[in-house]
Amino acid sequence: CTTAHLSFTNLKCEMFDRKFGNFETCLIKAVNRTHKYIDIHARLLKLPIKNVSIQIDPMRYDNGYRAFLLGMNFDVCKYMKNPTHRSMVFLRELHLTFVKSSNLNHTCPYNHDLKIEKLYTGDLEKGFLQILPIPNGDYAIFSKWYAHNIPRGNIKVFFKITN
């Protein structure tokens, strides 16, 4: 069984309201020629955050980025209370790829900055890419984050998959 290789190609972070917060870090660093990792640090200025939701749009490049799977909306606080709930299996698989490198690991409220540190591509290859057959190509995961039902920011992760 061969494993797909994933390589981050770009990362874009945008906070809509500077009074709500900002991205102190949003970068990709090379570990070596084939593997990279992501660092994201969102400084939050209006705490506590008691209601968080996310809109996830998996995209594939085909003369521009187009929807690869259906877009999904999740209540993050509800998910964190019961991460094994069947209706949130995609979010669970996505969360499992970065839970060890993140402080997004507890239920609401969030009284601190949100961080993902050294999310390594090798962790993704060992995770959902082994169980989800994805053809070679350029992909992205567009995520829009909401706090108290107000859109607060976007994080777009771009990557290439090769078998």
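Structure: above.
Scope of this entry: the structure provided in the associated data block. Small disclaimer: the values here were computed from a predicted structure and weren't measured. (Residues numbered from 1 in each chain as written. Predicted model: local features only at pLDDT ≥ 70, side-chain atom pairs only at ≥ 80, totals over all residues. Heavy atoms only, no water.)

**Here we look at the environment of Val76**
Condition: The helix count covers DSSP runs of H or I at least four residues long, the strand count covers runs of E at least two residues long, and both are numbered beginning at the N terminus. Residues are treated as being in contact if the distance between any of their heavy atoms lies within 4.5 Å.
Structurally, Val76 can be placed in helix α1 (residues 76-81). Taking the C-alpha atoms as reference, Val76 lies 27 Å from Tyr61; in sequence the two are 15 residues apart. Every residue in contact with Val76, bar those within four places of it in the chain, is listed here: Val52, Ser53, Ile54 and Trp145.

**Some words on the pairing of strand β8 (residues 137-147)**
Operational definition: When accessible area is computed with a 1.4 Å probe and restricted to protein chains, residues below 20% of their type maximum are described as buried, those above 50% as exposed, and intermediate ones as partly exposed. At least two DSSP bridges between two strands are needed for those strands to be called paired.
Within β8, eight of the eleven residues are buried, which leaves the element mostly enclosed by the surrounding structure. Bridging between strand β4 (residues 52-61) and β8 involves nine bridges; their strand directions are antiparallel. Of the residues in β8, the one forming a bridge with Asp57 is Phe142. Looking at chain direction, β8 and strand β9 (residues 150-162) are connected through eleven bridges and run antiparallel. Its bridge partner lying in β9, Ile141 is registered against Val157. In this antiparallel pair of consecutive strands, β8 and β9, the connection spans two residues, and His148 shows a positive phi of 55°.

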